[in-house]
Amino acid sequence: MKTDRTKPSAEAPAGETAKSAATSARSVAWARRRRAAAQFWRQYRGHRSGLAGLVILVLIAVLALAAPLITGSDAQSVTDAPGTPLEEPSGEFPLGTDQFGRNLLALLLWGARVSLTVGLLAAFLTVAIGTLVGITAGHFGGWYSTVIMRITDWFLVMPTLVLAIALATVMDKSIWTTVIAIGVTAWPTTARLVRAQTLAVESRPYIERATALGGGHRHIMGRHVLPNVMPLVLAQTTLVISQAILTEATLAFLGLGDPMIVSWGGLLQDAREAGAVSSGAWWYLAPPGLAIAVVALAFTLCGRTIESVLNPKLGVTR
Amino acid sequence: MASESTTARDQDAVPDGPAEAGPSARGPRSRSTSGYLRYVAGKLAGAAVSLFAVLVTSFFLFRLIPGDPVKAMTGGRQVSSEQIRAMREEFGLDLPMWQQFTDYCGKALTGDLGTSYQFKAPVVDKISEALPATLLLTGTAFVLYTLIGIWLGSRSAWRHGRFGDRFNTAFALTLYSVPSFWLGLLLIIVLSVGIGPIPGMFPTGGMESGGESGFGYVIDVAHHLILPVITLVAVEYARTLLVMRSSLLDEMGSDYLTTARAKGLRDDEVRTKHAVPNALLPTVTLLFVNLGNTVAGAILVETVFSWPGLGGLFYQALSVPDLPLVQGLFFVFAAAVILMNTLADLIYPLLDPRVGR
């Protein structure tokens, strides 16, 4: 039956034409998802740490988006910097200036855009690869799964940071290099998680029913397994973002990021090269690292809360 | 075979146990000695395959670096084409790629990882020179964060939900989110350089001041060791704490604890003599994985503190880029993780006979 693409629904009125049955089944499915989302939010609200993380993230996202409005778009220009080099914090420059006399507060806001973008893109890539590998390995099984999981295991034992550094060394210095270096090295954990969940979902009877009705591989994976692993993937993404932001900062600090773009890790590298350590310029070093830590922590808090809402047993134990 | 199918299911259920435990513990096929030996052989074979794959990766990955290594070596000095040809020959760069590869593998089997471009010394020598410093740093940090993680984790779980637990977890997670190199730099500024009223109390980097011998040397190295170790412990202990906490929480409702209490044991005795030993099992796997990863994770800390270990060497090698040295170090870092994972796989069934029953 071609029309039967959504899950069966007891509420779908009998005796209607096949087409309208399909639409109503779909609307029922959507109503169920809305209910699930509302319930999820009610439980999420109950976790104070998760709410705190969310508030921090929204605040930082707004500041990052509004950076051009707050500071003007020429904050990164080295040639017409507003201050003198390495000024201490003052009324005019609340966080002081860097070695070119640029306003550090403005650079910090601009850096937020880069760090968040790279973190999000890298996490997205990581989770996309991990989900694809995990679902196909769980669905097909057999030798395909064996080979894929051996590769996954192998990536899992490689020291992620060393591999990412190696990749970033080999490729050109750009934002995309950082994104790819993180994405290619960080996916195996997600792949294992998703595979386990896929196996659990595929053992349920309705998958058997869908197969019996002629559902192909794409249909089963896309329509039945994917929606069921999505919540888990969401939690995993949030946790991966914080790791990605940390790795991005690390690569930039080692001088492997795009030298033309100001990011938080890059600011720390600039500070170290400008001799901020030996001259005791803590006001130059402290803010970027603090920003990295706060954002990474906020994502971790959100991820853990999502995890514990989805899996109440985990919520108690972790 | 009924027992066969149970084993297969157990194998699927166990591996994902402790978070990030890697390929993790899989049960032996049977509890007999010969079964365990077969299991060991399988694990060792797997490790050997992984090591070979790392060798292949490290060779081809770094051949992708654009630029001529000979140019990097001469560093812009005026050299005749004769000299360049001689250098290419010396490092085997004139041979076709596949021949370089077979040479490389053959030599690696005999423990020869090539000659460093920048130091003009065998890579194996450079690595073995730097190894003790890294082992000292990561070993000290490992012992400390393991003890702190297990102690705080078990206390947190025992009083879970109370203020102490929430504070412990939040504090550990916060430090876990901090970039290690940044924490290191801050510690140097505050405690080594000194700001405001705080005097500089610690050396800013390196492993020794020189000119000391005997007991004075030990004290001097320990003095240099304090800040790097604090940095590593601070960013690493959260992992152990969280796993210890969750595995102890899993044990909390168990009947044997009720029995222990019914016998009239004090609360502390129930915790340290009954609950914690059982909860330690999943943590053990994590410990080995941690140890392997800490060696690689120390790259940043060693760079920041100019510690003369493998991580600092890696950073120096990357900036040239010194291909043979980078390759060799990459292999050592990956091998450390693989060996530790294999060790965990081998020990786990001995510690927990339930695995694979």
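Residues numbered from 1 in each chain as written. Chains lettered and ligands numbered in written order. Predicted model: local features only at pLDDT ≥ 70, side-chain atom pairs only at ≥ 80, totals over all residues. Heavy atoms only, no water.

Student: Looking at this structure, how should I read the interface of chain B and chain A?
Tutor: Size of an interface, as often reported, equals the accessible area lost when the parts are brought together. Listed by partner, the interface residues are 51 residues for chain B and 48 residues for chain A. The largest per-residue losses of area from chain B upon contact with chain A belong to S177(B), F181(B) and W182(B), which jointly make up 14% of the total buried on that side. Taken together, chain B and chain A are joined by 0 salt bridges. At the level of secondary structure, the elements contributing two or more residues to the side of chain B that touches chain A comprise α2 (33-63), α7 (163-176), α8 (180-194), α9 (215-252), α11 (267-304), α12 (310-319) and α13 (323-351) of chain B. For the side of chain B that touches chain A, the per-class residue count stands at 35 nonpolar, 10 polar and 6 charged. (Contact = heavy atoms within 4.5 Å. Buried area = accessible area lost by both parts, 1.4 Å probe. Salt bridge = Lys/Arg side-chain N within 4 Å of Asp/Glu carboxyl O. Helix = DSSP H or I, 4+ residues; strand = E, 2+ residues; numbered from the N terminus. Nonpolar A, V, L, I, M, F, W, Y, C, P; charged D, E, K, R; others polar.)

Student: Looking at this model, I keep getting lost on the UniProt feature "transmembrane region" (unreviewed entry) in chain A. Mind explaining?
Tutor: Residues and elements named next belong to chain A. The UniProt record annotates "transmembrane region" (unreviewed entry) at residues 51-70, 114-135, 147-168, 174-194, 225-246 and 281-303. Across residues 147-168 one finds 91% helix and 0% strand; the C-alpha atoms that close the span lie 27 Å apart. In residues 281-303, the share of helix is 96% and the share of strand is 0%. The end C-alpha atoms are 35 Å apart. (UniProt positions renumbered as here; feature names shortened; annotations may be inferred.)

Student: Is there a simple way to think about the UniProt feature "transmembrane region" (unreviewed entry) in chain B in this case?
Tutor: Residues and elements named next belong to chain B. According to UniProt, the feature "transmembrane region" (unreviewed entry) maps to residues 36-62, 130-152, 173-195, 215-235, 279-305 and 325-351 in the numbering used here. Helix makes up 83% of residues 173-195 and strand 0%, whereas the separation of the span's terminal C-alpha atoms amounts to 27 Å. For residues 279-305, the helix share is 96%, the strand share is 0%, and the end-to-end C-alpha distance is 36 Å.

Student: Please explain the UniProt feature "domain: ABC transmembrane type-1" (unreviewed entry) in chain A as it appears in this structure.
Tutor: In the numbering used here, UniProt assigns the "domain: ABC transmembrane type-1" (unreviewed entry) feature to residues 112-303 of chain A. For residues 112-303 of chain A, the helix share is 83%, the strand share is 0%, and the end-to-end C-alpha distance is 20 Å.

Student: Even after reading the chapter, I still don't get the packing of helix α10 (residues 217-253) of chain A against helix α12 (residues 282-310) of chain A, so can you show me in this structure?
Tutor: Between two packed helices, both the angle of their axes relative to each other and the distance between the axes serve to describe the pair. All names here are of chain A. The interhelical angle for the contact between α10 and α12, taken along N-to-C directions, is 165°, at an axis separation of 8 Å. What the angle tells us is that α10 and α12 run roughly antiparallel. Crossing hand, α10 versus α12: left-handed. Along the contact surface, α10 presents P231, L232, L234, A235, T238, L239, I241, S242, I245, L246 and A249, while α12 presents I292, V295, A296, F299, T300, C302, G303, R304, I306, E307 and L310. In terms of residue class, the contact of α10 with α12 is built from 16 nonpolar, 4 polar and 2 charged. (Axes fitted to C-alpha atoms, helices over the stretch in contact; angles between N-to-C directions. Parallel < 35°, antiparallel > 145°, perpendicular 65-115°, else oblique. Left-handed = near helix turned anticlockwise from the far one by under 90°.)

Student: It is not clear to me how the nonpolar core should be interpreted in this structure. Could you clarify?
Tutor: Buried together is how nonpolar side chains tend to be arranged in soluble globular proteins. Core analysis: the largest hydrophobic core is formed by 148 residues, its most contacted members being L285(A), F314(B) and F333(B). Considering each element in turn, this core owes the most residues, 16 residues, to α12(A). Excluding anything up to four places from it in sequence, F314(B) contacts V162(A), I165(A), I299(B), V326(B), L329(B) and F333(B). Formed by 12 residues, the second largest nonpolar core is a distinct cluster that contains W158(B), L248(B), A260(B) and V270(B). (Core = buried A, V, L, I, M, F, W, Y, C linked by side-chain atoms within 4.5 Å. Buried < 20%, exposed > 50% of the residue type's maximum accessible area, 1.4 Å probe, protein only.)

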